[in-house]
Amino acid sequence: MKKYIVIGATALFLMNACAHHEEHNHEAEEHARETAEHAGHSDEIILTPEKAKAAGIIVETVNPDSFRDVILTSGQVLAAQGSETTLVAASSGVVSFSQTVTEGMAVGKGTELLSISAENLQDGDPVTRARITYERAKEEYERAEKLIGDRIVSEKEFNALKENYENARVAYEALSPSEDGRGAAVKSPICGFVKSCMVREGDYVTVGQPLLSVSQTRRLMLRAEVSERHYARLSRISSANFRTSYGDKTYSLDRLNGRLLSCGKMSGDSSYYIPVTFEFDNRGDIVPGSFAEVYLLSGERQGVISLPLSALTEEQGLNFVYVQLDAEGYRKQEVKTGASDGSRIEILSGLKAGDKVVVQGAIHVKLASASNSIPGHTHNH
């Protein structure tokens with residue numbers, strides 16, 4: 001009898017031990033599963049839709065598309081030919097400004113900018129001499145015109161007086177008397193702005209000396225300097241983007257009614273660069289003479305993944321983007337980049353079609369990643 005009691009107690013003990021062991025294994029498995037799930041989302045960045053909207057975050061779905069080959073170089077914005085003129089002195093004398101003239105000021109056609117007078121010099125003012133000669137020739141011509149009908153003045157003498165009068169008139173009008181009657185006026189022949197002023201108040205100038213340059217801004221030129229190693233690719237260039245040295249805005253010649261003027265066939269005597277020149281409309285905020293970073297565009301390649309430059313962030317020489325996982329989850333993703341056209345950049349690896357990438361406000365997502373280090377923060381899917 002005692003033998004059966006011992007066997008029953010032993011069996012009951014073994015059954016309890018097995019049940020406890022199974023319960024312990026189940027808890028361990030559950031803990032391991034939760035740990036693995038937490039590890040799977042340990043790099044996830046949480047940003048609620050409300051905060052994302054307030055931060056101006058915009059997401060773009062990756063879609064392979066066409067991308068143009070790019071040659072990155074430097075260049076300069078120049079005034080287009082025919083839209084710039086240099087004003088020169090029509091006579092010798094002393095400069096006197098008719099108004100305050102500063103570089104960049106707007107001027108209208110026919111606006112008097114300065115005058116040149118020689119009234120206090122030894123030979124006297126040429127404008128005054130030309131006016132006296134003109135008025136005398138005009139009086140003689142008008143008197144002869146009244147007398148020729150009565151044959152008091154011969155035809156030959158009348159023609160000579162008429163010729164003297166015309167020559168005196170042309171000489172006087174060419175000097176363009178100033179509005180105050182002192183010296184010869186220098187007027188702008190076109191509408192535009194003062195690009196440069198080469199003289200100062202009181203300077204003595206001689207005939208033909210440059211005084212001012214006036215430029216129109218309706219059309220400008222972009223001159224890019226391309227290394228000789230890209231010579232074989234020049235024939236495929238069709239357009240360009242550029243960014244000036246004084247701003248971060250990228251301009252597209254396709255949007256500025258731009259066109260290719262010429263591609264140089266050889267480099268200069270003292271340069272290893274080949275000029276490529278474009279012409280385009282100026283929209284008012286591009287300064288002629290400024291230097292620029294130029295992205296020369298040629299043939300298109302299909303099936304290329306590209307993103308706006310604003311999508312990239314850089315850490316220790318590596319490039320990253322932020323991929324949206326769901327409504328409030330993001331993940332930092334390293335990418336390898338290729339060519340850039342100044343607005344978008346080619347992505348060689350790290351992304352696939354269909355990925356949703358933050359293209360504006362990436363810095364706010366980067367700042368939100370600090371919340372991952374706060375204990376007790378959970379996100380359920």
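Structure: see above.
Basis of the calculations
Residues numbered from 1 in each chain as written. Predicted model: local features only at pLDDT ≥ 70, side-chain atom pairs only at ≥ 80, totals over all residues. Heavy atoms only, no water. Helix = DSSP H or I, 4+ residues; strand = E, 2+ residues; numbered from the N terminus. Buried < 20%, exposed > 50% of the residue type's maximum accessible area, 1.4 Å probe, protein only. Areas by Shrake-Rupley, 256 points an atom, 1.4 Å probe, with all protein chains shown as cover. Phe/Tyr/Trp six-rings, centres within 6.5 Å; stacked < 30°, edge-to-face > 60°. Polar contact = N/O pair within 3.5 Å; in protein donor to acceptor, adjacent residues only side chain to side chain. Contact = heavy atoms within 4.5 Å. Pairing = 2+ DSSP bridges. Axes fitted to C-alpha atoms, helices over the stretch in contact; angles between N-to-C directions. 1 Å grid on protein atoms, 1.4 Å probe; cavity = no way out; pocket = protein on both sides within 12 Å on 5 of 7 lines; lining within 4 Å. Points joined across faces, edges and corners; volume = space filled by probe spheres on them.

Draft legend 1. Quick look at the overall build of the protein. Counting its regular elements, the protein contains 5 helices and 23 strands. A total of 381 residues make up the protein; the buried ones form 35% of that total. If you sum the accessible surface of the protein, you get close to 23000 Å²; carbon and sulfur atoms cover 51% of it.

Draft legend 2. Quick look at the packing of aromatic side chains. Tallied over the full model, the rule gives 3 aromatic pairs. Ring geometry for Y141 versus Y165: centroids 5.0 Å apart, planes at 5°, classification stacked. In this pair, Y141 is assigned in helix 3 (residues 126-147) and Y165 in helix 4 (residues 155-174), connecting sequence segments 24 residues apart. Taking the relative accessible area as the measure of exposure, Y141 reaches 14% and is therefore buried. Of the residues examined, Y165 reaches a relative accessible area of 13% and is grouped as buried. Look at F242 and F280: their rings are 5.4 Å apart centre to centre, the planes differ by 50°, and that puts the pair in the tilted class. Taken together, the residues span a long stretch of sequence, with F242 in strand 13 (residues 239-244) and F280 in strand 16 (residues 273-281) at a distance of 38 residues. Look at F242 and you get buried, because its relative accessible area is 0%.

Draft legend 3. Highlighting the side chain of S290. Here S290 is to be found in the loop between strand 16 and strand 17 (291-304). A distance of 2.7 Å separates a polar atom in the side chain of S290 from the backbone oxygen of V287. Beyond its immediate sequence surroundings of up to four residues, S290 is in contact with Q76, V77, T244 and Y246.

Draft legend 4. Geometry of the sheet that holds strand 12 (residues 219-227). Strand order in the open sheet formed by 7 strands is 14-13-17-3-12-16-15, with antiparallel pairing between adjacent strands. A strand with exactly one partner marks an edge of an open sheet, and here the two such strands are strand 14 (250-252) and strand 15 (259-263). On average, adjacent strands in this sheet sit at an angle of 35° to one another, irrespective of strand direction. Inspection of the sheet shows strand 3 (residues 65-79) paired to strand 12 by 6 bridges, in the antiparallel sense. Bridge pairing in strand 12 places V77 opposite L222.

Draft legend 5. Representation of the sheet that holds strand 5 (residues 93-97) in the model. Across the sheet, 4 strands lie side by side as 8-7-5-10; this open sheet has antiparallel pairing. On the outer flanks of this sheet lie strand 8 (184-187) and strand 10 (204-205), each paired with one strand and no other.

Draft legend 6. Quick peek at the layout of surface pockets. Taken as a whole, the largest pocket encloses approximately 550 Å³ of empty space. Forming the boundary of the largest pocket are 24 residues, of which N241, S252, R255, D341 and S343 lie nearest the centre. Of all the elements in the fold, those that place two or more residues in the lining of the largest pocket are strand 3, strand 14 and strand 17. With 4 residues, the single largest contributor to the lining of the largest pocket is strand 3.

Draft legend 7. Focus on the side chain of S298. Inspection of the secondary structure assignment puts S298 in strand 17. We classify S298 as buried; its relative accessible area is 9%.

Draft legend 8. The pairing of strand 22 (residues 344-349), seen in detail. Across 3 bridges, strand 18 (residues 306-308) lies against strand 22 in antiparallel orientation. By the bridge assignment, P308 is partnered in strand 22 with R344. Bridge count for strand 21 (residues 329-340) against strand 22 is 3 bridges, and the pairing is antiparallel. Pairing of K336 across the sheet is with S349, part of strand 22. Hairpin geometry of strand 21 and strand 22 is characterised by an intervening segment of 3 residues between the two adjacent antiparallel strands and by a positive phi of about 95° at G342.

Draft legend 9. Spotlight on the environment of V359. Within the element layout of this structure, V359 appears in strand 23 (residues 356-360). Accessibility expressed as a relative area gives 6% for V359, which makes it buried. Measuring from C-alpha to C-alpha, the distance between V359 and A311 comes to 4.0 Å, with 48 residues separating the pair along the chain. When near neighbours in sequence (up to four residues on either side) are disregarded, V359 contacts I58, V59, E60, L307, P308, S310 and A311.

Draft legend 10. Spotlight on unusual backbone geometry. Despite not being glycine, N257 has its phi angle at roughly 55°, a positive value. Position of N257 among the secondary structure elements: in the loop between strand 14 and strand 15. Phi at Q316 takes a positive value of approximately 50°, unusual for a residue other than glycine. Position of Q316 among the secondary structure elements: in the loop between strand 19 (313-315) and strand 20 (318-324).

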